[in-house]
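# Structure at a glance
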Amino acid sequence: MSFSDYLIVTKGPDLDFSDCTLDDSSWNNFISCSFSQLLSECRTASFKAGSRTMVFPGKYSERIFELQTSFPQLNFKRLSKILPEKKKNYSSFTISKKNRDYTLKISQAIHTKIPVLMIGESGSGKNHNARIIHNKSGMLKSDFFEININEINPNLMETTLFGSVRGAFTGSSCDTKGLFECAGKGSLFLDEISYLKKEMQAKLLGVLDKNSFRKVGGTKEIPSTARMIFATDSNLQLMVKEKKFMLPLFYRISVLIIKIPPLRERREDLSRLAFDFAREQKKSLSPGALKRLHSHHWPGNIRELKNCIQRACISCCGNTLQTEDIVFDHELFEND
């Protein structure tokens, strides 16, 4: 029995897709449309009152996250229609309420320049989402700078962020730019913000309060115009209670909090990401390979998925990844 994937788009609060029924005209009107037509229909549905159901080619399911972010008022689901019996039988996954809230917050961040704090497990896609916010905020031509606080020597943190003037310390023969100055009117992404030492927390708070900074050894106030995005996999509220993180700084960086669900709770993203990673290696995925990917728990989140796809692309003999090409990390260390 053959299946064909479709992308179902509906408008309505928390619709139950399992009870969704479509007449033949719904299938025929949209199933052969282009992506530009899909975007046009979604825009129309977003602004018009009332409920609506639309069907689009399944190939656009790979962009379900992008679509959900752009049209948070709509619900997206990849479904399978059994062709021989012409039944409206559906299987796959929909975007859960938690994930719709997450994509809605991403959409809100795109349309504002207030500080954003992303919270999620390691490898859940905080960096990826920071770039989405930057690119879709009209800053695509502006610079995007990122830094993992945990990777920088604490003694060099102030210079790394704010730069220094000539003679500020031994060996300083010229002025240097820090990340705040380099970012300009672009975006500055500070990952693992929980690792910032208390002294630097106070200095960062001052920059966010005044929207300006001084280079190390300098006296001139330099305007800070960068869009600020922060991320952590730690519990900052608990760190505040334990006096490890400054409460005023927490308030400053958490104007908009985006909780990024782990990949195991974002099954609708898994297919899109898997196809994206395979496409980077000029490969595709067979239904069997995709099914095997969906059977895994993904404790390492997106980082683990990318590693798995890259490994599969190396072992794959053809242009399409097969079931046997997919090997999970824990299987590499199992005893024969």
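Nothing here was measured: the structure is a model prediction, and the numbers come from that model.

Attention now goes to the pattern of salt bridges. Two side chains carrying opposite charge are able to pair once their charged atoms lie near each other. Tallied over the entire structure, the rule returns 13 salt bridges. Glu-181 is paired through a salt bridge with Lys-215; the nearest N and O atoms lie 3.1 Å apart. Taken together, the residues span a long stretch of sequence, with Glu-181 in helix 7 (residues 179–183) and Lys-215 in the loop between strand 10 (212–213) and strand 11 (222–223) at a distance of 34 residues. Glu-181 gets classed as partly exposed once you look at its relative accessible area, which sits at 26%.

Our next topic: the environment of Ile-133. Along the chain, Ile-133 turns up in helix 5 (residues 126–139). Classification of Ile-133 by relative accessible area gives buried; the value is 0%. Along the chain, Ile-133 and Lys-113 lie 20 residues apart, while their C-alpha atoms are 9.8 Å from each other. Leaving out residues up to four positions away in the same chain, Ile-133 has contacts with Ile-106, Ala-109, Ile-110, Val-116, Arg-227, Ile-229 and Ile-258.

As used here, a disulfide is simply a covalent bond connecting the sulfur atoms of two cysteines. Within this structure, the stated rule accounts for zero disulfides. Not part of a disulfide, Cys-317 finds its nearest cysteine sulfur in Cys-316, a span of 6.5 Å. Given the relative accessible area of 84%, Cys-317 is considered exposed.

Another point: the sheet that holds strand 9 (residues 187–191). An order of 6-9-12-5-13 is seen for the five strands of this open sheet, with the pairing classed as parallel. Both edges of this open sheet fall to strand 6 (144–148) and strand 13 (256–259), since each of them pairs with a single strand only. Averaged over all adjacent pairs, the angle separating strand axes in this sheet is 20°, with direction ignored. Sheet topology note: the strand 6/strand 9 ladder contains five bridges and is parallel. If you follow Ile-147 over to strand 9, its bridge partner there is Leu-190. Relative to the sheet, helix 5 contacts strand 5 (116–119), strand 6, strand 9, strand 12 (227–232) and strand 13, its axis offset from that of strand 12 by approximately 165°.

Calculation criteria
Residues numbered from 1 in each chain as written. Predicted model: local features only at pLDDT ≥ 70, side-chain atom pairs only at ≥ 80, totals over all residues. Heavy atoms only, no water. Salt bridge = Lys/Arg side-chain N within 4 Å of Asp/Glu carboxyl O. Helix = DSSP H or I, 4+ residues; strand = E, 2+ residues; numbered from the N terminus. Buried < 20%, exposed > 50% of the residue type's maximum accessible area, 1.4 Å probe, protein only. Contact = heavy atoms within 4.5 Å. Disulfide = S-S within 2.5 Å. Pairing = 2+ DSSP bridges. Axes fitted to C-alpha atoms, helices over the stretch in contact; angles between N-to-C directions.

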